[in-house]
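Here is how the chains run, residue by residue.
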Amino acid sequence: MTMALPAAFLSEDQFTCSICLEVFNNPVSTPCGHSFCQACISYYWDGGGGAKFYQCPLCKESFRKRPELHINRTLKEITEQFKEMANAGEPMDGREGGVEDPNSHHHHLALSPPQRPGEMPETIFTEMMTLFQQLPTPGFPPSYPNDPQPQSPNSEPLDPPPPYSPPHRRRYTLSGPGDSSPNVPLCPIHPRGLEFFCRTDNTCVCCNCVETGDHRGHNVIPAKREWHNKKSQVGIVELELKNLICVRESKVEEIHNSLREIQAAAERETDGTVCMFSKLISSLKRCQAEVLEVVEMTRRAVEHRAQGLLRELEEEIAELKKRSTSLSQLALSEDYVLFLRRFPALSTPPQAKDWSSVSVGSQLTSGVILRTVNQMMERFGEEMQKLPKACQQSLLDQSVPRPNPKIRRVQEYADDITLDANTAHQRLIISADGRQVHCGDRNQSVPDNPERFDRVVCVLARQGFNSGRHYWEVEVGAKTDWDLGVASRSVNRKGKVKVSPAHGYWFLSLRDRTEYAFRTESSTNLTVSLRPSRIGIYVDYDKGLVSFYNVEARLLIYTFTDHFSDTIHAFFSPCTNKSGRNEAPLIICPVAKTE
């Protein structure tokens, strides 16, 4: 049932997608209530710079999970009617393509004011407003023209809703309102509104400036269209700025965490150093006490021996003095009988010890202990002087990568590597010389060879290795994603592919510009301090070794050791082009030995 509404008019702005600035094509609505072309909002979200959330381009409401969008069929039907009226170029009264009540129709026309050129007939507006009212309200089920009308408890029809009264009448044009809005600034030269924008001079102009003024022949479009165009770009720029801010805030937090970790590490180093030096001082004191104890024990032993010798000498001296006294008394005796009897015993020398070889040294240890201690302290002092410099050098060695001279040696095993187009995925584009590969936007028409990969955007080299040492270099430039390494000839190339050494793949990966990893069963994440623009790959088949180098910096990135049992080929994957952000090719470069 058609509602009786007062005359009103619609403009193209009400059916324009704010992203492409064209009339809706398969319109969809976001959870926040705004509508866009299905392709436009999908492209907008797909090109969000790797953001982890999705945002409405108009109100900036963010959705953590990508909304499932379905075509708004009612809005699509209204838009199609709008397009038909725009293409007709004349007013439509709704009589074609259907049957209507003539009485009702003529009665409605009789109540309507005369139609002015460029305006939409009230009957058409009434029909479109009826369709607008059938749009589902959030939280309520949608209603359709054939659905039964809700009934009141008394089974009487509900009152019809009040007629819609638009706030003002607008002309129907495809470029915006036909009359200048009272809020539009006037041209300083002509008394007309600045309703156009000159892209050549980057300024707003009026229609007279475009037709007869200085801007004649310039690139001019309606100002509101340019405004909507620039306004739609604000969301993308804002999202990019937010991503940049997020990355830098993460870096600030990372630096703050590093400062806290440095402070904690400095405290640990300080406590550990004080503890170690305290132990060293305690050890020195203990060693000093032990040395002094040895000296004291040596002194006591020497004194004990000297005292024994003195007692023994004193006893012998006393015995000899006693014999001398007895001999002197015997000489004074007048009794010759007594003299002759005692003289033999006194004149015979007693058995005495030979003291000529007995001595006690005046130096306790001949200076051995002191000389040993002096030598040890000299060496200790030299090492202690080296300690601060050694600690400082260790810190510098950790913070500044040192060039690896081994890269000069592995470059001696350089091979001439070219790509095998028969193994390339359908989206990969190989150069004529077979040394460059990049990912296109769509699959190419190529034969489905058994050796061609059909799920993974990768390609193998023509040359295979089953012994010896081999080396090649690949220019990766500023690509955001790539895979480089080797793969076994017998790997699975159809359907889903598992990439790990156990499945015949040994390669290094870059994701999102900064995330490096070697693809093991669970990826081995790597920390790469200097971003390489040229990667060197070295393979020693007999040792089962594959190594990756930063050629410019002459640094080893990573080495993996395994066992090769099949012929292996160089493996390349430029990854998908990420809507143009990763479209640069992988380039096999001639090897120039670094100095």
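Residues numbered from 1 in each chain as written. Predicted model: local features only at pLDDT ≥ 70, side-chain atom pairs only at ≥ 80, totals over all residues. Heavy atoms only, no water.

1. What about the overall build of the protein chain?
Convention followed: Here a strand is any run of E in DSSP of at least two residues, a helix any run of H or I of at least four, and the numbering for each starts at the N terminus. Each residue gets one of three labels from its accessible area relative to the maximum for its type: buried under 20%, exposed over 50%, partly exposed in between, using a 1.4 Å probe on protein chains only. Residue contacts are counted whenever heavy atoms from the two residues lie within 4.5 Å of one another.
In terms of regular secondary structure, the protein chain is built from nine helices and 20 strands. Among the 595 residues that make up the protein chain, the fraction classed as buried is 31%. Pairs at least 24 apart in sequence give 62% of the contacts found in the protein chain among residues at least 6 apart.

2. Quick word on helix α6 (residues 223–332)
For clarity, the threshold we go by: One fewer than the residue count of a helix, multiplied by 1.5 Å, yields its expected span.
Between its first and last C-alpha atoms α6 spans 159 Å; for 110 residues at 1.5 Å apiece the expected length is 164 Å, and the two agree. When α6 is considered as a whole, its buried residues turn out to be A223, E226, N229, S232, G235, L239, N243, L309, S326 and L330. On its buried face, α6 sits against α1 (38–46), β3 (54–55), β5 (196–198), β7 (220–222) and α7 (336–347).

3. Considering the pairing of strand β20 (residues 586–589)
On any regular strand, side chains alternate: one points to one face of the sheet, the next to the other face. As a reminder, the rule being used: When DSSP finds at least two bridges between two strands, those strands are taken to pair.
In terms of strand pairing, strand β9 (residues 436–439) meets β20 through two bridges, oriented antiparallel. Considered in β20, the bridge of Q436 is made with I587. Bridge count between strand β11 (residues 469–475) and β20: three bridges; the pairing is antiparallel. The partner of E473 across the bridge, within β20, is C589.

4. Observations regarding the nonpolar core
For clarity, the cut-off: Nonpolar core, defined: a set of buried Ala, Val, Leu, Ile, Met, Phe, Trp, Tyr and Cys residues in which side-chain atoms within 4.5 Å join the residues together.
Core analysis: the biggest nonpolar cluster contains 37 residues, and W472, W482, L484, I537 and F572 have the highest contact counts within it. Dropping the residues within four chain positions of it, W472 is found in contact with I417, F465, G485, V486, I535, G536, I537, V539, A570, F572 and V591.

5. With respect to empty space enclosed by the protein
Rule in force here: Of the grid points, spaced at 1 Å and generated over the protein atoms alone, those admitting a 1.4 Å probe that cannot get out make up cavities, while open sets with protein on both sides within 12 Å along at least five of seven lines make up pockets; any residue with an atom within 4 Å of a point is treated as lining. Grid points are joined across faces, edges and corners, and a volume is the space filled by probe spheres set on the points. Under the convention adopted here, Pro, Cys and the residues Ala, Val, Leu, Ile, Met, Phe, Trp and Tyr are nonpolar, Asp, Glu, Lys and Arg are charged, and Gly plus all remaining residues are polar.
For the structure shown, the criterion picks out two cavities of 30 Å³ or more. A volume near 40 Å³ is recorded for the second largest cavity. Lining the second largest cavity are S18, P57, L58, H228, K231 and S232. For the lining of the second largest cavity, a count of residues per class yields two nonpolar, three polar and one charged.

6. Concerning the pairing of strand β16 (residues 534–540)
Most of β16 sits out of view: six of its seven residues are buried. With seven bridges connecting them, β11 and β16 associate as antiparallel partners. By the bridge assignment for β16, Y471 is matched with Y538. Where β16 meets strand β17 (residues 545–550), six bridges bridge the pair, whose relative direction is antiparallel. Bridge assignment links I537 to a residue of β17, and that residue is F548. Two successive antiparallel strands, β16 and β17, enclose a turn made up of four residues, where G544 displays a positive phi of approximately 65°.

7. Quick notes on the packing of aromatic side chains
Two descriptors summarise a pair of aromatic rings, namely the distance from one centre to the other and the angle between the planes of the rings. Definition in use: Paired rings are identified among Phe, Tyr and Trp, the last through its six-membered ring, by centres lying within 6.5 Å, and are further divided according to the angle between planes into stacked (under 30 degrees), edge-to-face (over 60) and tilted (the rest).
Throughout the structure, instances matching the rule amount to 14 aromatic pairs. Ring centres of F518 and Y558 lie 5.1 Å apart, and the angle between their planes is 40°; this geometry places the pair in the tilted category. A residue pair is termed long-range when its members are at least 10 positions apart, and F518 in strand β14 (residues 515–518) and Y558 in strand β18 (residues 555–561) qualify at 40 residues. The two residues F518 and Y558 agree in class, both being buried. The rings of F518, F548, Y558 and F560 are connected pair by pair, giving a single aromatic cluster.

8. Some words on the sheet that holds strand β12 (residues 482–488)
Applicable threshold: Axis definition: a line fitted to C-alpha atoms, over the contacting stretch in the case of helices. Angles run 0 to 180 degrees between N-to-C directions.
The six strands are arranged β10-β19-β12-β13-β14-β15 in an open sheet whose pairing can be described as antiparallel. Here the strands that pair on one side only, and so sit at the sheet edges, are β10 (459–465) and β15 (524–526). Each neighbouring strand pair of the sheet contributes to a mean axis angle of 20°, computed without reference to strand direction. Bridging between β12 and strand β13 (residues 505–511) involves six bridges; their strand directions are antiparallel. In the sheet register, V486 faces β13, and the bridge partner there is W506.

9. Examining the packing of α6 against α7
Axis angle and axis distance: for two packed helices, these are the angle between their axes and the distance between the axes, and together they describe the pair. Selection criterion: Angle categories: roughly parallel below 35 degrees, roughly antiparallel above 145, roughly perpendicular from 65 to 115, and oblique for all the rest. Helix crossings get a hand from a simple test, with the near helix turned counterclockwise from the far one by less than a right angle marking a left-handed crossing and a clockwise turn marking a right-handed one.
The N-to-C vectors of α6 and α7 enclose an angle of 155°; their axes lie 10 Å apart at closest approach. When the axes of α6 and α7 are compared, the pair comes out roughly antiparallel. Of the two possible hands of crossing, α6 and α7 adopt the one that is left-handed. In contact with R323, S326, L327, L330 and A331 of α6, α7 contributes L338, F339, R342, F343, A345 and L346. For the contact of α6 with α7, the residue count by class is eight nonpolar, one polar and two charged.

10. Some thoughts on the pattern of salt bridges
What counts, and what does not: One speaks of a salt bridge when a side-chain nitrogen belonging to Lys or Arg is within 4 Å of a carboxyl oxygen belonging to Asp or Glu.
If you walk through the whole model with that rule in mind, you get 15 salt bridges. Of the charged contacts in the structure, one is a salt bridge between K60 and E238, with a shortest N-O distance of 3.9 Å. Of this pair, K60 sits in the loop between β3 and β4 (62–63) while E238 sits in helix α6, and the two are 178 residues apart along the sequence. The class for E238 is partly exposed, based on a relative accessible area of 26%. In this structure, E475 and R534 form a salt bridge, with 3.1 Å as the shortest nitrogen-oxygen distance. Here E475 is found in strand β11, whereas its partner R534 is found in strand β16, with 59 residues between them in sequence. Note on E475: relative accessible area 21%, which makes it partly exposed. Looking at R534, the relative accessible area reads 21%, which means it is partly exposed. What emerges from the salt-bridge pattern is a single network uniting E296, R299, R300 and E303.

11. Side note on α1
The cut-off we apply is this: Arc, as used here, means the arc of the directions from the helix axis to the C-beta atoms.
Taken as a whole, α1 has its buried residues at C40, I41, Y44 and W45. The arc that holds the buried residues of α1, viewed along the axis, is 125°, so those residues lie on one side. Residues of α1 that are exposed and point more than 90 degrees away from the buried face comprise A39 and Y43. Close packing links the buried residues of α1 with β1 (27–29), β2 (35–37), β3, β4 and α6.

12. Examining unusual backbone geometry
One non-glycine residue, C575, lies in positive phi territory at about 65°. Considering the arrangement of structural elements, one finds C575 in the loop between β19 (568–573) and β20. Located in the positive-phi region is K578, a residue other than glycine, with phi close to 50°. Residue position: K578 is located in the loop between β19 and β20.

13. Here we look at the sheet that holds β5
Pairing is antiparallel in the open sheet, where three strands are placed in the order β6-β5-β7. Each edge of the sheet is formed by a strand with only one pairing partner; in this case those strands are β6 (203–205) and β7. Direction aside, the axes of adjacent strands within the sheet are offset by 35° on average. Pairing of β5 with β6, which is carried by three bridges, proceeds in the antiparallel orientation. Considered in β6, the bridge of F196 is made with V205.

Spatial relationships are all this shows, so hold off on functional conclusions.
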